[in-house]
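Chain and residue survey
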Amino acid sequence: MMTKYKFLPVLLLAGLTACSTSTVYIVRHGEKVSEADTTSLSAVGFERAQALADRLEDERISRILTTPTRRTQQTAGPLSQHLNLPIESYPPKPVDAVVELVQQTKGKNILVVGHSNTILEIAQGLGAKPSKANIESEDFDNLLIVTLKKGLFGKSVRLQEETYGKPTPP
């Protein structure tokens, strides 16, 4: 009778190693100096970047992904410096590229900094259903928190929508 159960520990271990939880923090870059593609963050944008670092410093972020633009990298900069993590670039379009990078990073927490026309798509690509249909051009304080759980009996996606830093004026 004992031999019937001798593989149970191996099966349990295999099942547990297939389980993972990742939390993905998705934000738009902070306020910018101008509408030019090469623009930098404004003073208010740098304050928002610091507010983001303060908000996420205890969230066990192990990967930071931004588009190659200066403003997204500057938004992630304070957290990157605080955690001593490199900033990795992803192409802004198609959003499938960053979704794939996130899905390859199992069991880790990730910051993704994008743009007003991509952050909702990224959350949707991960299986979340944001309440907003779009991000307005003057809206910079959204923080989408997507929790991806993969377990023995399937996967689940949970979305939490928050704001951070100074509220965007209505």
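Our subject is the structure listed above.
This report concerns the structure included in the present document. Keep in mind that this is a model prediction, so the values were computed, not measured.

The rules behind the values
Residues numbered from 1 in each chain as written. Predicted model: local features only at pLDDT ≥ 70, side-chain atom pairs only at ≥ 80, totals over all residues. Heavy atoms only, no water. Phe/Tyr/Trp six-rings, centres within 6.5 Å; stacked < 30°, edge-to-face > 60°. Lys NZ or Arg CZ within 6 Å of the ring centre and 35° of its normal. Helix = DSSP H or I, 4+ residues; strand = E, 2+ residues; numbered from the N terminus. Buried < 20%, exposed > 50% of the residue type's maximum accessible area, 1.4 Å probe, protein only. Axes fitted to C-alpha atoms, helices over the stretch in contact; angles between N-to-C directions. Parallel < 35°, antiparallel > 145°, perpendicular 65-115°, else oblique. Left-handed = near helix turned anticlockwise from the far one by under 90°. Contact = heavy atoms within 4.5 Å. Nonpolar A, V, L, I, M, F, W, Y, C, P; charged D, E, K, R; others polar.

**Some details on the packing of aromatic side chains**
- Applying the stated rule across the entire model yields zero aromatic pairs.
- In this structure, R48 is placed above the aromatic ring of Y164, and the distance from its NZ or CZ to the ring centre is 5.5 Å.

**A look at unusual backbone geometry**
- With an omega of -5 degrees, the peptide bond running from K93 to P94 counts as cis.
- Within the element layout of this structure, P94 appears in the loop between β3 (87-89) and α4 (96-104).
- Positive phi values are uncommon outside glycine, yet R60 reaches one of about 55 degrees.
- Relative to the helices and strands, R60 is located in the loop between α2 (43-56) and β2 (61-66).
- Of the residues examined, R60 reaches a relative accessible area of 68% and is grouped as exposed.

**Comments concerning the packing of α2 against helix α3 (residues 70-83)**
- Between α2 and α3, whose axes approach to 8 Å, the crossing angle comes to 40 degrees. Looking at the two axes, α2 sits oblique to α3. Once α2 is placed against α3, the crossing between them reads as right-handed. In contact with F46, A49, Q50, L52, A53 and L56 of α2, α3 contributes Q74, T75, P78 and L79.
- Split into classes, the residues belonging to the contact of α2 with α3 amount to seven nonpolar, three polar and no charged.

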